[in-house]
Amino acid sequence: MQLQIVSGPEGGLPAELRAQVWALQEQAWPSGRPDPGLSHDPALDPQSMLLVDGDGRVLAALDLLGKEITHAARTFTARGLSCVVTDRAHRGHGHGRRLVAAARRAVEDSGADLGLFTCDRPLRGFYESAGWQLLPGTVLVGGTAQDPFPSDRPGFDKVTMAGFCSRRARAARESFVGARIGLHPGTIDRLW
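Presented here is an overview of the structure given in this document. If you're wondering where the values come from, they're calculated on a predicted model, not measured in any experiment.

1. Some remarks on the packing of aromatic side chains
The geometry of two aromatic rings is summed up by the distance between their centres and the angle between their planes.
Link 1 in the chain: Applying the stated rule across the entire model yields six aromatic pairs.
Link 2 in the chain: Pairing Phe126 with Tyr127 gives two aromatic rings, centres 4.9 Å apart and planes at 75°, and the pair type is edge-to-face.
Link 3 in the chain: Residue class for Phe126 comes out partly exposed when judged on its relative accessible area of 23%.
Link 4 in the chain: Given a relative accessible area of 6%, Tyr127 falls into the buried group.
Link 5 in the chain: When the centroid spacing of 5.6 Å and the interplanar angle of 75° are considered together, the rings of Phe149 and Phe156 count as edge-to-face.
Link 6 in the chain: Note on Phe149: relative accessible area 14%, which makes it buried.

Have a look at this one:
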């Protein structure tokens, strides 16, 4: 099976591909809503990555979001994974892992200092196998400063994953372990 990764701004995806991505997201997280169009706050520079087969079928998809964060009195450019999904009919073939590993490289190639996101605890090994690192005890605080949405809130079972891309981020790695990091992506993407 010939596969290719299609990347670009979320708003620039062809309508046919965007419809397939929405169908995969509904498969994983049913909302019952019609396709809302764009899923992310444009201020976060949403970039979509899709794994597409030779027939134009989307097998897996994810979005990369980005912003500057301030941590330990320093500013870093961060990008994070959002809406990672693989078609149920095509799971178990490494498609999601291939796409998540490609996203790790895309974060590095983007010039970001680091990749930073949360995932459900049982998915930790999956992300580690694709090149991401666990940040033990680290909590991402989403939402806004006025209305925070922390990843350790009751009912969540999240871990924080990272990839340190720049020299300055690698030098500051230990400051991210066990920390509360103010991500604050806003009210649309409350936590990526």
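And the narrative resumes.
2. Regarding the sheet that holds strand S10 (residues 180-182)
Adjacent strands of a sheet pair through backbone hydrogen bonds, lying either parallel or antiparallel.
Link 1 in the chain: Across the sheet, which stays open at both edges, the three strands sit in the order S8-S7-S10 with mixed pairing between neighbours. The open sheet is flanked by strand S8 (148-150) and S10, the only strands paired with a single partner. Along the sheet, successive strands turn relative to each other by an average axial angle of 30°, direction set aside.

3. Examining the nonpolar core
Link 1 in the chain: Core analysis: the largest hydrophobic core is formed by 44 residues, its most contacted members being Leu81, Trp132 and Phe176.
Link 2 in the chain: Taken together, the elements giving at least two residues each to this core come down to strand S2 (47-53), strand S3 (58-71), strand S4 (74-86), helix H2 (95-109), strand S5 (114-120) and strand S9 (158-164).
Link 3 in the chain: Beyond its immediate chain neighbours, meaning those up to four positions away, Trp132 contacts Leu81, Val100, Ala103, Arg104, Val107, Gly115, Phe117, Tyr127, Met161, Ala162 and Gly163.
Link 4 in the chain: Leu13, Val21, Ala61 and Val85 belong to the second largest nonpolar core, which has nine residues in total.

Analysis parameters
- Residues numbered from 1 in each chain as written.
- Predicted model: local features only at pLDDT ≥ 70, side-chain atom pairs only at ≥ 80, totals over all residues.
- Heavy atoms only, no water.
- Phe/Tyr/Trp six-rings, centres within 6.5 Å; stacked < 30°, edge-to-face > 60°.
- Buried < 20%, exposed > 50% of the residue type's maximum accessible area, 1.4 Å probe, protein only.
- Pairing = 2+ DSSP bridges.
- Helix = DSSP H or I, 4+ residues; strand = E, 2+ residues; numbered from the N terminus.
- Axes fitted to C-alpha atoms, helices over the stretch in contact; angles between N-to-C directions.
- Core = buried A, V, L, I, M, F, W, Y, C linked by side-chain atoms within 4.5 Å.
- Contact = heavy atoms within 4.5 Å.

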